[in-house]
Amino acid sequence: MLNVLIVGASGYAGAELVNYMHRHRFANIKKIFVSKNSLDIGKMFSDVHHQFTDMIHLRFESISDFNLVDQDINVVFLATDHNVSHDMVPFFLSSGCIVFDLSAAYRVRDCKIYTDYYRFIHKYKKILEKSVYGLAEWKEKEIKKASLVSVPGCYATCVQLALRPLVEEKILCSQNIPIINAISGVSGAGRKSNITNSFCQVSLQPYNIFTHRHTPEIIEHLGIPVIFIPHLGAFYRGIITTITCKLKDNIQEVDVYNIFYKFYKNKPLIRIYKKFLPSIKTVEKMPFCDIGFTIKDNYIVIVAAEDNLLKGAAAQAVQCFNIRFGFPETESIL
Ligand SMILES: NC(=O)C1=CN([C@@H]2O[C@H](COP(=O)(O)OP(=O)(O)OC[C@H]3O[C@@H](n4cnc5c(N)ncnc54)[C@H](OP(=O)(O)O)[C@@H]3O)[C@@H](O)[C@H]2O)C=CC1
Ligand SMILES: CC(=O)N[C@@H](CCC(=O)OP(=O)(O)O)C(=O)O
């Protein structure tokens, strides 16, 4: 049995993590934390997340009151903003914990991305170099040995799972950059509201074209240029992406299907659609990334969908935890 802490448990991603880890057969949640100024200190988990009433009996504590000494903690999940994770990761690593960070703080190697896109100077380059990018289906070997797993961003997960098989098999025409349109529900912005993601303000609008921080994350890890166009939609959870690419000559539908099958046939959280195309409805509150595609005249449009809080965050974090410790990959997830 592994003893686990979850920091940021009152947030949207943190709540999903608590749910998974609470029902995990080989994990024991020792504490759930919020910040020292949080209004939720002392409240029951289910007082904040009512859907867990009579299911989960844990109380929020302030992270600043915590003393790690003699607590026998094996694992820490950080479901906190990247600034918070940036500062906390070194402490937990030096205390011997295995850390799963859901933020972007240790996702990319190129420090310039942090100054240009996140507006902070990364102070821990050595840790950054050792951090393992937890795109679970593709990084199993590295995750098994990791001290720090940096769980990919929600959009970045969906996009890479859809494109990576085609990149690996070199069937994309290198002259044409993939164009990615993605729509996220409002929960992608977290529980703390502000005017731009307040539900009544959101209709369906693109934002951060060319400048979204998942653009460099995708490019660094996928290894090809992309144009990424995120949109905010007036729904609670889920991401759907449509990705338009040009294929090399003479690639048929069956070839693409076989490529997806080759990479994902033993991957329980990826579902490849043959007859239909994925939608938000097929993945909402489910831990899957669903992928479908259609081809005409050498152009392919890949459609991929996931729940941003699950495969895009908590489910992938727990999947990485399972891989890291040799538990069944979908323990507590499926
Ligand atoms: N939402 C999503 O779809 C996804 C989110 N992520 C990433 O996961 C992380 C969490 O996101 P999300 O759940 O949306 O965010 P939320 O804003 O919903 O939750 C953030 C959590 O962190 C807590 N927190 C804030 N500051 C501190 C601190 N100094 N110490 C301890 N706890 C703190 C908050 O509680 P309080 O403020 O009350 O202290 C809250 O529990 C982010 O890095 C995000 O980028 C990744 C993929 C998808
Ligand atoms: C709808 C919405 O606002 N989505 C967030 C991305 C989701 C996320 O949490 O990404 P990180 O894990 O990389 O922070 C955004 O566009 O910034």
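In this text, all values refer to a predicted model and were calculated from it rather than measured experimentally. (Residues numbered from 1 in each chain as written. Chains lettered and ligands numbered in written order. Predicted model: local features only at pLDDT ≥ 70, side-chain atom pairs only at ≥ 80, totals over all residues. Heavy atoms only, no water.)

Student: What is the right way to read helix α1 (residues 12-22) from this model?
Tutor: Because an α-helix packs 3.6 residues into every turn, residues spaced three or four apart end up facing the same way. For α1, the tally of buried residues reaches eight of 11 residues, placing the bulk of the element in the interior. Every buried residue of α1 is accounted for by G14, A15, E16, L17, V18, N19, Y20 and M21. (Buried < 20%, exposed > 50% of the residue type's maximum accessible area, 1.4 Å probe, protein only. Helix = DSSP H or I, 4+ residues; strand = E, 2+ residues; numbered from the N terminus.)

Student: Explain the nonpolar core here, please?
Tutor: Side chains that are nonpolar tend, in soluble globular proteins, to be buried together. Counting 44 residues, the largest nonpolar core has I6, F77 and F321 as its most contacted members. With residues near it in sequence (within four places) discarded, I6 still touches G14, L17, V18, M21, I29, K31, I32, F33 and F77. In terms of nonpolar packing, the next biggest core, distinct from the first, is built from 39 residues, W138, I180, Y264 and I300 among them. (Core = buried A, V, L, I, M, F, W, Y, C linked by side-chain atoms within 4.5 Å. Contact = heavy atoms within 4.5 Å.)

Student: Would you explain the domain arrangement of the protein chain in this entry?
Tutor: Where interface size is quoted, it is often the accessible area lost as the parts come together. Structurally, the protein chain comprises domain 1 (2-152 + 312-325) and domain 2 (154-308). The C-alpha centroid of domain 2 is placed 25 Å from the C-alpha centroid of domain 1. Across the boundary between the two partners, domain 1 contributes 28 residues, which contact 30 residues of domain 2. For the pairing of domain 1 and domain 2, the buried interface totals around 2400 Å² over both sides, and the portion due to carbon and sulfur atoms is 56%. The interface formed by domain 1 and domain 2 holds four salt bridges in total. We note a salt bridge from E16 to R237, for which the minimum N-O separation is 3.0 Å. The interface formed by domain 1 and domain 2 contains 13 residue pairs in polar contact (both at pLDDT 80 or more). Counting only elements with at least two residues in the side of domain 1 that touches domain 2, the list comes to α1, α4 (111-118) and α11 (310-325). When residues in the side of domain 1 that touches domain 2 are grouped by element, the largest group, five residues, is from α11. A per-class count over the side of domain 1 that touches domain 2 returns 13 nonpolar, seven polar and eight charged. (Domains from an automatic or database assignment. Buried area = accessible area lost by both parts, 1.4 Å probe. Salt bridge = Lys/Arg side-chain N within 4 Å of Asp/Glu carboxyl O. Polar contact = N/O pair within 3.5 Å; in protein donor to acceptor, adjacent residues only side chain to side chain. Nonpolar A, V, L, I, M, F, W, Y, C, P; charged D, E, K, R; others polar.)

Student: Looking at this structure, how should I read the site of ligand 2?
Tutor: Lining the immediate environment of ligand 2, one finds R107, C154, Y155, S184, G185, G188, A189, Y207, H212, R213, H214 and L232. Within the contact set of ligand 2, an oxygen atom lies 2.6 Å away from a side-chain nitrogen or oxygen of R213. When ligand 2 sits alone it has 430 Å² of accessible area, and the protein chains cover 81% of it. Looking at side-chain class alone, the shell around ligand 2 contains five nonpolar, five polar and two charged residues. (Near = heavy atom within 4 Å. Areas by Shrake-Rupley, 256 points an atom, 1.4 Å probe, with all protein chains shown as cover.)

Student: Help me understand the packing of helix α7 (residues 154-168) against helix α8 (residues 214-222) in this model?
Tutor: For any two helices packed against each other, one specifies the crossing angle of their axes together with the interaxial distance. One way to put it is that α7 packs onto α8 with a least axis distance of 10 Å and a crossing angle of 30°. Between α7 and α8, the crossing angle belongs to the class labelled roughly parallel. Every pair of crossing elements has a handedness; the one defined by α7 and α8 is right-handed. Across the interface between the two elements, C154, Y155, A156, V159, Q160, L163, R164 and V167 from α7 touch H214, E217, I218, H221 and L222 from α8. Its residues assigned to classes, the contact of α7 with α8 comprises eight nonpolar, three polar and two charged. (Axes fitted to C-alpha atoms, helices over the stretch in contact; angles between N-to-C directions. Parallel < 35°, antiparallel > 145°, perpendicular 65-115°, else oblique. Left-handed = near helix turned anticlockwise from the far one by under 90°.)

Student: Just to check I follow, could you spell out the sheet that holds strand β2 (residues 27-34) for this structure?
Tutor: The pairing of strands in a sheet comes from backbone hydrogen bonds and takes either a parallel or an antiparallel form. Pairing is parallel in the open sheet, where seven strands are placed in the order β3-β2-β1-β4-β5-β7-β6. Edge strands, defined here as strands with exactly one partner in the open sheet, are β3 (60-62) and β6 (132-133). In this structure, strand β1 (residues 2-7) lies alongside strand β4 (residues 75-78), joined through four bridges in parallel fashion. By the bridge assignment, L5 is partnered in β4 with V76. (Pairing = 2+ DSSP bridges.)

Student: Explain the site of ligand 1 to me, please; I cannot follow it from the model alone.
Tutor: Residues in close proximity to ligand 1 total 29 residues, the closest being S10, S35, S38, T80 and K192. S10 is positioned such that a nitrogen or oxygen atom in its side chain is 2.6 Å from an oxygen atom of ligand 1. Separating an oxygen atom of ligand 1 from a backbone N or O atom of T80 is a distance of 2.6 Å. When the free accessible area of ligand 1 is taken as 890 Å², the share hidden by the protein chains comes to 84%. Within the residue set of the shell around ligand 1, elements represented by two or more residues are α1, α3 (82-94) and α11. Its residues assigned to classes, the shell around ligand 1 shows 13 nonpolar, 12 polar and four charged.

Student: Help me out: how do you make sense of α11 in this one?
Tutor: Compared with an ideal rise of 1.5 Å per residue, which puts 16 residues at 22 Å, α11 spans 20 Å between its outermost C-alpha atoms and falls more than 12% short. Of all the bends found along α11, the most pronounced is centred on Q316 and spans about 40°. (Expected span 1.5 Å × (residues − 1). Bend = angle between axes of the 7 residues up to and from the residue.)

Student: Explain the pattern of salt bridges here, please?
Tutor: Side chains that carry opposite charge are capable of pairing whenever their charged atoms lie near each other. Across all of its chains, the model carries 15 salt bridges by this definition. The partner of E217 in a salt bridge is R107, with the nearest N and O atoms 3.0 Å apart. With E217 in helix α8 and R107 in the loop between β5 (98-101) and α4, this pair connects stretches of sequence that are 110 residues apart. Residue E217 shares its accessibility class with R107, and that shared class is buried. For K262, the salt bridge goes to E169, with nearest N and O atoms at 2.7 Å. Note that K262 is positioned in helix α9 (residues 253-264) and E169 in the loop between α7 and β8 (179-184), a separation of 93 residues in sequence. Note on E169: relative accessible area 29%, which makes it partly exposed. Several salt bridges share partner residues, and in doing so they unite E16, R237 and D307 into one network.

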